[in-house]
Amino acid sequence: MSKRLPFLLAAIAVLAMLATIALRWQRAAPVDAPALQAVTLFPQPRVLPGFNLRQSDGTALVPGELKGHWTLVFLGFTHCPDVCPTTLAQLAQAQKLWRALPDSTRPRLLFVSVDPERDTPDRIGEYAHGFDPDTLAATADVPALEAFAKSLSLVFAKAPAPEGVPADQYSVDHSAAMAVLDPQARMAGVIQPPLDPQAIAADMAKLTGMPRR
């Protein structure tokens, strides 16, 4: 427990910060924003610092690759026993609901593995596509992942395996919230659990039809 205390304290601090900011966002929502159920939009989108992740097909994922679509970003790892598979299964339901939207503007889901020690590009691709073939999957080295997560106000930390358990059976604590990126690849909002696939799909459809700012 003591080894996980720094992460838990950091997670509590981040959640408290997000709760405070969320109240401000709700009071200062963009005047032209549609009424949303699951997505909390920022008053103004936030430009992200540059990042360079590696996609499951081996190609680079840079900000320009995410432009043109609204994108949900979820951090996780393939050995996750509960939160990750449950979340990706729920998001797969939302993806099926928005699949009727034109491919040129259809929302995207990006799964980013924060466990590069075990999750190769091939592995994360196979894992993510098992839930929905349209899901983007990427990872990077730990410093790049930490910078990317921080830019999205998300956190993760490796949790060592309990005593008596093989060292490679560690877990990774990570944020359950998702970042919402707009078609300019700016951070435009967040989605907090619990998740409602129908509400998420409806919100993403509305945002896709909203005039770009």
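A few points on the structure. These numbers come from a predicted model, not from an experiment.

Of all 5 residues in strand E10 (residues 187-191), 5 are buried, a share of seventy percent or more. As paired elements, strand E1 (residues 39-46) and E10 share 4 bridges and run antiparallel to each other. Looking across to E10, one finds that Arg-46 is bridged to Met-187. Note: strand E9 (residues 178-181) against E10, 4 bridges, orientation antiparallel. Bridge pairing in E10 places Met-178 opposite Ile-191.

What follows is about the packing of helix H2 (residues 83-98) against helix H5 (residues 197-208). Contact geometry of H2 with H5 gives a least axis separation of 8 Å together with a crossing angle of 45°. Regarding the angle of H2 to H5, the classification is oblique. For the pair H2 and H5, the crossing hand works out as right-handed. On H5, the residues touching Gln-90, Leu-91, Gln-93, Ala-94, Leu-97 and Trp-98 of H2 are Pro-197, Gln-198, Ile-200, Ala-201 and Met-204. When the residues that make up the contact of H2 with H5 are grouped by side-chain class, the tally is 8 nonpolar, 3 polar and no charged.

Thresholds applied
- Residues numbered from 1 in each chain as written.
- Predicted model: local features only at pLDDT ≥ 70, side-chain atom pairs only at ≥ 80, totals over all residues.
- Heavy atoms only, no water.
- Buried < 20%, exposed > 50% of the residue type's maximum accessible area, 1.4 Å probe, protein only.
- Helix = DSSP H or I, 4+ residues; strand = E, 2+ residues; numbered from the N terminus.
- Pairing = 2+ DSSP bridges.
- Axes fitted to C-alpha atoms, helices over the stretch in contact; angles between N-to-C directions.
- Parallel < 35°, antiparallel > 145°, perpendicular 65-115°, else oblique.
- Left-handed = near helix turned anticlockwise from the far one by under 90°.
- Contact = heavy atoms within 4.5 Å.
- Nonpolar A, V, L, I, M, F, W, Y, C, P; charged D, E, K, R; others polar.

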